[in-house]
Amino acid sequence: QYLITGPVNYNIFLNNGKDNMVSEDEIKALIETSYGTDVSSYEEDLMDMGVIDSLAAMQLLTILETKYIIKFSFVEYTRKGFFTIKSLTKSINEKW
């Protein structure tokens, strides 16, 4: 239900050469666009809110890793509370 079906054009997620920090609003917009839903909180876990399930969480990691040319560790993304807008943004900015 949350999985994007059909071929995904990852070019729409590319960073376009930005060298500045990623904003929480940017991550929120990417998630809302990707999954066709509204995200009401920056601090509540997206899985707890029902925005994504475990399969969509792995897909989201792939989208973020592709867009920002980073890699999330298993320890990182299995940590409770990782799938919040705030946590995802912080993690991306630390890797950038």
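Please refer to the structure higher up on the page.
In this report, the structure presented in the accompanying data block is examined. A quick note: this is a predicted structure, and the numbers were derived from the prediction, not measured. (Residues numbered from 1 in each chain as written. Predicted model: local features only at pLDDT ≥ 70, side-chain atom pairs only at ≥ 80, totals over all residues. Heavy atoms only, no water.)

Enumeration according to the criterion identifies 4 aromatic pairs in this entry. Note on Tyr68 and Trp96: the rings are 5.2 Å apart at their centroids and 80 degrees apart in plane angle, and the pair reads as edge-to-face. On the criterion of sequence distance, the pair formed by Tyr68 in helix α2 (residues 54-68) and Trp96 in the segment after α4 (85-95) is long-range, its members being 28 residues apart. Residue Trp96 is classed as partly exposed on the basis of its relative accessible area of 35%. (Phe/Tyr/Trp six-rings, centres within 6.5 Å; stacked < 30°, edge-to-face > 60°. Helix = DSSP H or I, 4+ residues; strand = E, 2+ residues; numbered from the N terminus. Buried < 20%, exposed > 50% of the residue type's maximum accessible area, 1.4 Å probe, protein only.)

The next point concerns α4. Listed as buried for α4 are Ile85, Ser87, Leu88, Thr89, Ser91, Ile92 and Asn93. In this fold, the buried residues of α4 make contact with α1 (24-35), α2 and α3 (74-77). (Contact = heavy atoms within 4.5 Å.)

On to the pattern of salt bridges. What the rule picks out here adds up to 8 salt bridges. Residue Lys80 pairs with Asp48 through a salt bridge whose shortest N-O separation is 3.7 Å. With Lys80 in the loop between α3 and α4 and Asp48 in the loop between α1 and α2, this residue pair connects regions lying 32 residues apart in the sequence. Each member of the pair, Lys80 together with Asp48, is exposed. Through salt bridges with shared partners, one network takes in Glu24, Glu43 and Lys86. (Salt bridge = Lys/Arg side-chain N within 4 Å of Asp/Glu carboxyl O.)

Time to look at the side chain of Glu65. Within the secondary structure layout, Glu65 lies in helix α2. One polar contact links the side chain of Glu65 to the main-chain amide nitrogen of Phe72, over a distance of 2.8 Å. Excluding anything up to four places from it in sequence, Glu65 contacts Ile70, Lys71 and Phe72. (Polar contact = N/O pair within 3.5 Å; in protein donor to acceptor, adjacent residues only side chain to side chain.)

Another aspect to go through is the packing of α1 against α2. Two numbers describe a pair of packed helices, the interaxial angle and the distance between the axes. At a minimum axis distance of 12 Å, the contact between α1 and α2 shows a crossing angle of 125 degrees. With respect to their mutual orientation, α1 and α2 come out oblique. Here the hand of the crossing between α1 and α2 comes out right-handed. When α1 is examined against α2, the residues Glu26, Ile27, Leu30, Ile31, Ser34 and Tyr35 are found in contact with a partner set consisting of Ala56, Gln59, Leu60, Ile63, Leu64, Lys67 and Tyr68. Of the residues contributing to the contact of α1 with α2, the split by class is 9 nonpolar, 2 polar and 2 charged. (Axes fitted to C-alpha atoms, helices over the stretch in contact; angles between N-to-C directions. Parallel < 35°, antiparallel > 145°, perpendicular 65-115°, else oblique. Left-handed = near helix turned anticlockwise from the far one by under 90°. Nonpolar A, V, L, I, M, F, W, Y, C, P; charged D, E, K, R; others polar.)

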